[in-house]
Structure formats: C-alpha cells, structure tokens
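Observations on chain architecture
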Amino acid sequence: MMAWFGWVLLSCLLNVMLALFLSPLCEGIMRKLRAAIHSRIGPPITQPYWDLLKLLGKENLRSTGGVVYSTLPALTLGSLLLLAALIPMGTTPPLAFAGDMIVVLYVASMSSVLIMLVGFASGSPYASIGSSREMMMLLSVEPILAIALLVGAFKAKTLALAGIVNWQVQNGPSISMAIGGVAFFLALQAQAGRLPFDIAEADQEIMGGPLVEQSGPRLAIFRWALWTKQLVLAFLLVQVFLPWPHFGIQLADLITTIVKVVVVLTLVALIEVVNPRLRVDQAMGYFMRVAFSSLAALAFAVIGK
Amino acid sequence: MHIVDQAAITRVKEVAAARSNGAPSAATQPHADTLHFAVDKRAMRSVVEGLVNELQARFMISVGTDKRPITGDFAILHLFSLDADHLYVLLESPVSEKDLRIESITQLVPGANWAEREFRDAVGVHPEGHPDPRRLLLADDWPEGVYPYRKDFPYNYQPPPVENVRPQMREPPAGASVVPMGPFFPVLEEPSYWRLFVEGETIVGCDTRLFYNHRGIEKLGDSVLTYNEIPYVAERICGICGFIHSTCYCQSVEKAAGIEAPRRGRYIRTIMLELERIHSHLLWLGIAGHIIGFETVLMQTWRIREPVMWLCEEISGNRKTYGMNTVGGLRRDLQNQMKPKLMETLREVEKEAIAVRNAIVGDTTLQARTKGVGVLTNEWAKKICAVGPPARASGVAIDARIDHPYAAYDEVVPQIVTQDAGDIWARVLVRVGELLESIRLVREALSAIPDGPICAEIKEEIPADRLGVSVVEAPRGEAVHFVMTGGENRPYRWRVRAPTYPNLQALPAMVLNETIADVPITLGSLDPCFSCTERLETVDRRTNKIRIYSGADLLEISRGKGRRGGAS
C-alpha cells in the first residue's frame, strides 16, 4: 500500500514539475520561432522564466477584494496542475484511479471558467467583454475536445485515458483517430489562446480581456497557468492521438513525448504568425464546422476504420 | 500648370450672382486657380447651396479671421474646391462684432461640422442652426467667452484653471452600455476619446472628444514667427508627413506673393513627397496588421521601410523632419551622384513591396477581417468631404496631385488608384496600389529632373493682404494650407487643415452596426493622424523622485509646466 502510494506521489510530482517547469521553456521556443519569421533576433528562450520571476517580485495590487477573487490565480494554476496529474506524460496517468476521460474534460475547462470569473469580478468593461468572449470560445471548442476523445473511447471501449493509449499503441493508426487528432489540434490552438483565436485576450481591442486588471504576482500566475495549459493539452494530444513509437522504457518514452510536444507547439506557433485575429463570430462559425467534421471521425469509428 | 477654363469661372460667377439674394457678391481672382467672393452673410447659405448642388463643389475648410484691425469686422471664409475644373472657390463674409452670428452650412454640407465649431471656438462667431454646437477645439476647462485666435489675445496668455470639468458627452441610447476607447488606448498612437455605445458587442452609436493637445501652431504663425521660420514649425505638425505640411505652407505663401519656385526645386519636392508616401504607406500597412494581430506584416513592412528612411537621411541629414523647404524653393539640393543609389534602393523596395502585396492579396483570413467591414459609402464619403485613400476606396476619384497640380506633378503625372467597395479591404488595396505607383513616380522624377537653381531669389517684401491656397496630397489625403499675408514679415492668418480632419468625421457612420472587435481596425484604416488634425505636441517628462501623485497634483504639475513653458 505504502509503495503504491509512494509511486503515485512520485509520478504526480513528476508530471506536475514537468508541466510547471517545461511550460515557460516551450513558450520561449515559440517566441524565438515567431521572432525568426518576423526577421527579428527575439528574446533568449529562457526569457519567460525571467518574466515570471520579475512579475512575481512585484507589488500585489488588486482592483477588488474578496477571498474568492484573491484565490483565483492559485485555483487556475492548481486546476491545470491537477489536469497534468490526470493525463499520461510518457507513462500511465498518475491519478488514473481518480477519474477517467469525463473528469479530464471537466478539469480542462475549469481554468477557462476561472479566468472568466476573474474577468467578470474585476469590474472593467474590457474584462467583461473578454470574459463573455472566453465563454463563447469555450462553448464552441469544448464539444470538439469531447468528440475527439470520445472517438478514442469508442475504439478502445474504455473511458480510461490509459486504456485508450494502450489500444492506440497496440492497434496502430486509424482514419477515425487521425481525424479526431486534427480536430483536437485545431481546438488546442483556441484553448491555448493563440492567434487566430486569441480573441478573448485581444490586446489591441480589449487590452488583454479578462486579465486586464491583473498585474504583478497575480498576472505571473495566470501567465504561468496559460502556458501550462497549452503544454498539458499538447501532451494529451500527443499521447492519445500520436503515441507511437512506444518503447516501453519510461525514460525513452518520456523524451520522445517531449520532442513530439515541442513539434506540436511549433506548429501552433507557426499558425499563429501567419494569421490575423478572427472576430468571435467568425471563430465560432469556424469551430461549428470543425465540430461537424469531427463527427465524421465518430462515423468512421463506428464502421471500424 | 493647368490653365483654368474660363467657362468654369463664368459658371461659378453666374451661380454666385444668382444665389446672392439681390446683394451681388464681389468677385476677385487672387490667383489663376483661385476665385474669391465677398458674400453678404445672409446670402452665404444660399451661395453655398448653389455651389454644392449645381457645381458639385467639395467643401475643404472654414477660416475664421479676426479682421477688426483692418476692416473692423470678423471674417468667415469657406473654402471649396471644384476638382474637375481645377479651381478653388473662396466665399468670404464679414461678420460684425455687434452681431456675432452666421448661418451654419452644416445642414447642407455635413463635412463642415467641425470647421464651424472650430471657428466658433477660435474667434467666437456662432454658426446658427448648427446640429451639434458642442466645444471642439478648446480644452474643457477653458473659460467661456475667451477666444484665442482673436488678434487682441496674446499668444502666451494662460486662463485661470478650473476644477472638476468634464467633456460634454452624449448619453448612450436606452438599453445600450458604454465601452470607452481612449483617451489612451493600445492601438491609438495619440490621445483621442471614443465612447462606444454597445449592445452586446454591436455598436449602436458613438461619441467622440478630440483636440486634447492643441498646440496653437496657427496662433504662433500669425503672432510670433516669420514667413521663413514657419516652414520648420509646419514640418513639425506631423511626425510622418512633415515635408507635406512645410511644402504646402511654402506653396501657399509663394502663391500669395507671386513667387515661382524653380523647376529643379519643384522636382526635388516631388521626390521627397513621394518618398514620404512610400514610407508612410508601408508604416500604415504594418500598423493595420498589428491592429488585427498580424505581427508578421508589421515586422516585415517596417523592415522594408527602413532603407527608405536611410535614403531620406542621406538626402536631407534626417530620417524625418528634413528642414529642406523654404519660401521660394529648397535649401538643400539633391546630389546628382545619389541617383544610382536611389534607383537601386527603389528596385529593392519595389521587389519586396510586390512580394508583400501578393502575400496580402491571397490571405483569406485577412480578407475575412476586412471585407465588408467599416464601409464608407460613396454618397457619405462625398457628403462628409472625405479625402485621400478613404475617399478613393469609396469610388470618389479625387487626388490633389491631379486636381490641383503642384510641384512637378504637371510633368510627372500620377495614375489615380480607386476602388468601389468602400470597405477596409478596398482601402488596403488602394494604399498598396499607391505605394507601387509612388515608386514609379520617384523613378520618373529622378530621370526627368532638370539642372538649375533650387530656390527663387526673393528681393521684395511679401505684400500684405494677399491670399494663397495650396493643397498637397499627403499619404492620408489632401492637406490644405491657407495663408493671408500680413505686415511684420508674417502671415496675418495661417490656416492648416490636415487630411484626418475630414476623414475622422466619417468614422461614426463607418462603425455603426459593426462589433467592438472591428472598431480599432476601422479607425486604423483611416490612417488617422491626430497631431496633424489637432496641431499638437506631446512632451516626455522624466523624474527620479518617487512620490505618489494625486489627480490634483498631476493637474497642478501640468499647469505649472505650462506656465513656465509659455504657450501650451
């Protein structure tokens, strides 16, 4: 019993640490890439760590009071670290016993809801607009994530993520999972708040949206949370839809997974630099079409492709 | 130079005579392309109606002048352009100090809205029947009844401060809420306050307060500076189209005084003006990209723009604000041995500009954000008297370089670029087209430039009481300078109208029923330049002391600074 508990604790710690400390690095790589396409030199790839340090050292200003308001940054980051412990990162999910795919979907949307709340609570018109945009984006992107994961669940006949991954490893690529993966990737672009879907933040329109009133340590934690979110979702994408090659050796699997995650995030950054921001109605229309297309994956799954 | 058709002049005179209600208007012709009518103020509205309805005259600007030291009255002057006839028409009407009112023409010409409010604020002549008589030019704490452009008002006078004043803003319609944009906002380079009335994300109306930093440059021009000092101040009206304003000012004085700038000087002016258009349009493309989050466009266009700035530096010694213009021509020649380098840089810039154009034209997401958005209809563009790319993108084929040729544009003739859709996409296409056209023009001017002097010798003093009107097609549209000469080696009245002045007035109609997300890019698509419009200046202030300032402290500091620094 103790050994099992120790193992869970250790692998939880591994996932959480990986998510926390790898996410600024990924952000740094994405910034560097963007700079290259802009014909700029760009900041060093360690810059996001320094950004966090700098923000964490600043005065903590709050535009409004309340216990809930003051704990929202921590809750947001916490929800994403919980998500990190619920998904596989090169190994089985540490908290697999605590919940399956359904829990993952709920926990994944928690951070968006919390950021929405902080926006509505901060009493700025820009934050309110940002929060309502965030809500619209969440409503149009969430079904796509659900459908994509559901395809896997249908194929593997299990709701447990580890089961889906195992099934994928054993059965190899299939049309339905490929379509599901593409849909998941498109949704990831929006979940990570990347152009052309950084509509809720939209600096030039609503000055950062829900987070307009956040500064110093609070902003640092929100930033960190958003970077973690994009990394964890990229892990989820890579593990569920692209688990090959699978060596069965933990360290080797972890390293290949990280490489694949960096490739996915590079793609995300590439799409970001070659697109202007869409309007929220255009983005919703777009994701509506993606959602209907991803239903095709379910159809393929039914006929066993 | 275009010879103005005698028949056109006769037509204008007939219309003016027929509309003068029995009090005939005295016509003079201060310059070959300028007709001046002294109109009775009771007949003003009907003469304007005749000009606009029968001759399709385009309103340019109004000038309020305190002529009491000369004639005993104030004078209100409306400036019109008959673009097809290459003719300016000036309607001037004396307004007695005993009855400081004149009929408003805004109902006839919506584009005269700000111009009339401005002369009310400046000299105190009230436009009667104006639909929106709120304050425009003066600060909110400026006392009532103090008119800074009157001749008995010293240029450095500071009225006593007033506490707790707010701009008079309209309330939103029932059911709508307010989203403020400005006075300071990420995508606005300069202060302007837009109150957007929204239902959800949809704009149902808007109100605006501008002129936050009026510098009083015109006042300096007719009270402190001399003819040859003004070009340097005029160049500082704008950070982007500085050369345009100094050229426009010099040309208006040259016209008033009957000075002919030499051909070589005119060619160099043309080259510099077109170089400014090239770098301004590239700058605009970048900013437009930035507004909709397309940073790659910003970074690449500004990289392409840089060699043009270096060229300007090599020609004039400065990237911007060249200080080359003077009344009568230029102070600095363009070295002939620079020609090959200019040609080489132009070739590079053209190659990359074409690459950018091809990338932009094929971008579907970009089109999704700009097509059918921020539409300025052809009809409203004419009514609000829009100029420049916004007008040309709405199918109004006006271009000062063609309609009122100046510098060397009579020999180096530009091709006008127009579009009919009137949306942001059309404005993008117009500007990209003009960018490539400007490159061609510089090239043509460089190969045709004659040798000779660059500045005319001015032997006599510039006579008083002469009028000069000049336009220059800035990258943002037509800039207008009006000069009435005076004694003491300075103008009696100098009036500047930047292109953003009419174009900004079109914005409320353009954002109606759009979403909040579209407002920044719609405003950006006008390429607004508030400092030109308001003729203002911003000041950087640095302090090492750490101290928490209250609103009242800041007010006090700004006033103290104003008092020390003289005119604000």
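Residues numbered from 1 in each chain as written. Chains lettered and ligands numbered in written order. Predicted model: local features only at pLDDT ≥ 70, side-chain atom pairs only at ≥ 80, totals over all residues.

1. Observations concerning the overall build of chain B
- Counting secondary structure elements, chain B contains 19 helices and 15 strands.
- The C-alpha atoms of chain B give 23 Å as radius of gyration, which agrees with the globular expectation for 568 residues (24 Å, within 12%).
- For chain B, the C-alpha atoms occupy an extent of roughly 65 × 60 × 55 Å along the three principal directions.
- The buried share of chain B, taken over its 568 residues, is 52%.
- The contacts in chain B between residues at least 6 apart in sequence include a share of 68% that link residues at least 24 apart. (Helix = DSSP H or I, 4+ residues; strand = E, 2+ residues; numbered from the N terminus. Rg over C-alpha atoms; globule rule 2.2 N^0.38 Å. Buried ≥ 20, exposed ≤ 12 C-beta atoms within 10 Å, placed from the backbone. Contact = placed C-beta atoms within 7 Å.)

2. Focus on the overall build of chain A
- Each helix and strand in chain A was counted, giving eleven helices and zero strands.
- Starting at the N terminus, the α and β elements of chain A follow one another as α-α-α-α-α-α-α-α-α-α-α.
- Taken over the C-alpha trace, chain A has a radius of gyration of 19 Å; the compact-globule value for 305 residues is 19 Å, and the two agree within 12%.
- Each principal axis of the C-alpha distribution contributes one length, and for chain A these read about 50 × 50 × 40 Å.
- When the 305 residues of chain A are sorted by exposure, 50% land in the buried category.
- Restricting to contacts in chain A with at least 6 residues of sequence separation, those with at least 24 account for 80%.

3. Remarks on unusual backbone geometry
- Here the bond from Leu-195 of chain A into Pro-196 of chain A is cis, since omega is 5°, no more than 30 degrees from zero.
- If you trace the backbone, Pro-196 of chain A turns up in the loop between α7 (175–191) and α8 (203–206).
- Between Trp-244 of chain A and the following residue, Pro-245 of chain A, the backbone shows a cis peptide bond with an omega angle of -5°.
- By secondary structure assignment, the location of Pro-245 of chain A is in the loop between α9 (216–241) and α10 (250–273).
- Even without being a glycine, Asn-489 of chain B presents a positive backbone phi close to 60°.
- Among the structural elements, Asn-489 of chain B can be located in the loop between β14 (477–485) and β15 (491–497).

4. Thoughts on the interface of chain B and chain A
- With 23 residues of chain B at the interface, the matching set in chain A holds 23 residues.
- Breaking the side of chain B that touches chain A down by element, the ones donating at least two residues are α7 (263–291), α8 (295–316) and α10 (364–370) of chain B.
- Considering each element in turn, the side of chain B that touches chain A owes the most residues, five residues, to α8 of chain B.
- The residue inventory of the side of chain B that touches chain A, partitioned by class, reads twelve nonpolar, seven polar and four charged. (Nonpolar A, V, L, I, M, F, W, Y, C, P; charged D, E, K, R; others polar.)

5. Some remarks on the confidence of the model for chain A
- Residues at a pLDDT of 70 or more form 100% of chain A, whose mean pLDDT is 89.
- When mean pLDDT is taken per element in chain A, helix α2 (residues 47–56) of chain A scores highest with 96 and α8 of chain A scores lowest with 82. (pLDDT = per-residue confidence, 0-100.)

6. A word on the domain arrangement of chain B
Residue and element names in this part refer to chain B.
- Domain parsing of chain B yields domain 1 (1–151) and domain 2 (217–534).
- Using C-alpha coordinates to define each centre, domain 1 is positioned 26 Å away from domain 2.
- In this complex, domain 1 contributes 24 residues to the contact, which on the side of domain 2 involves 23 residues.
- Among the secondary structure elements, those contributing two or more residues to the side of domain 1 that touches domain 2 are β1 (26–31), β2 (34–38), β3 (58–66), β5 (87–95) and α3 (113–123).
- Top contributing element to the side of domain 1 that touches domain 2 by residue count: β3, with six residues. (Domains from an automatic or database assignment.)

7. Comments concerning helix α6 (residues 242–257) of chain B
All names here are of chain B.
- When the terminal C-alpha atoms of α6 are compared, their 23 Å separation across 16 residues agrees well with the 22 Å that a helix rising 1.5 Å per residue should span.
- Within α6, 15 of the 16 residues are buried, leaving the element largely enclosed by the surrounding structure.
- Following α6 by one or two positions, Gly-258 has its phi on the positive side, about 70°. (Expected span 1.5 Å × (residues − 1).)

8. A short note on the sheet that holds strand β4 (residues 74–82) of chain B
Residue and element names in this part refer to chain B.
- Spatially, β1-β2-β5-β4-β3 is the arrangement adopted by the five strands of the open sheet, whose pairing is mixed. Two strands bound the open sheet, and with one partner strand each, they are β1 and β3. Taking each pair of neighbouring strands and ignoring which way they run, the sheet shows an average axis angle of 20°.
- Direction of pairing for β3 relative to β4: antiparallel, over a ladder of eight bridges. When the bridges of β4 are listed, Gly-64 appears paired with Ile-76.
- Here α3 sits on the sheet and contacts β3 and β4; the angle it forms with β3, its principal contact strand, is near 5°. (Pairing = 2+ DSSP bridges. Axes fitted to C-alpha atoms, helices over the stretch in contact; angles between N-to-C directions.)

9. Comments concerning the confidence of the model for chain B
All names here are of chain B.
- Of the residues in chain B, 92% reach a pLDDT of 70 or more, and the chain-wide mean stands at 88.
- Here residues 536–546 is modelled with pLDDT under 50, and outside its nearest four sequence neighbours on either side it reaches seven contacts, counting other chains as well.
- In this model residues 562–568 is a low-confidence stretch, pLDDT under 50, and it forms eight contacts with partners more than four residues away in sequence or in other chains.
- Quick note on the complex model: pTM equals 0.89, ipTM equals 0.87.

10. So, the pairing of strand β9 (residues 193–199) of chain B
Residue and element names in this part refer to chain B.
- Sheet analysis places strand β8 (residues 177–181) next to β9, joined by five bridges and oriented antiparallel. Of the residues in β9, the one forming a bridge with Pro-180 is Arg-195.
- Both β9 and strand β10 (residues 202–209) contribute to a ladder of seven bridges, which runs antiparallel. When the bridges of β10 are listed, Leu-196 appears paired with Cys-206.
- The turn linking β9 back onto β10 is made up of two residues, and Gly-200 within it adopts a positive phi angle of 65°.

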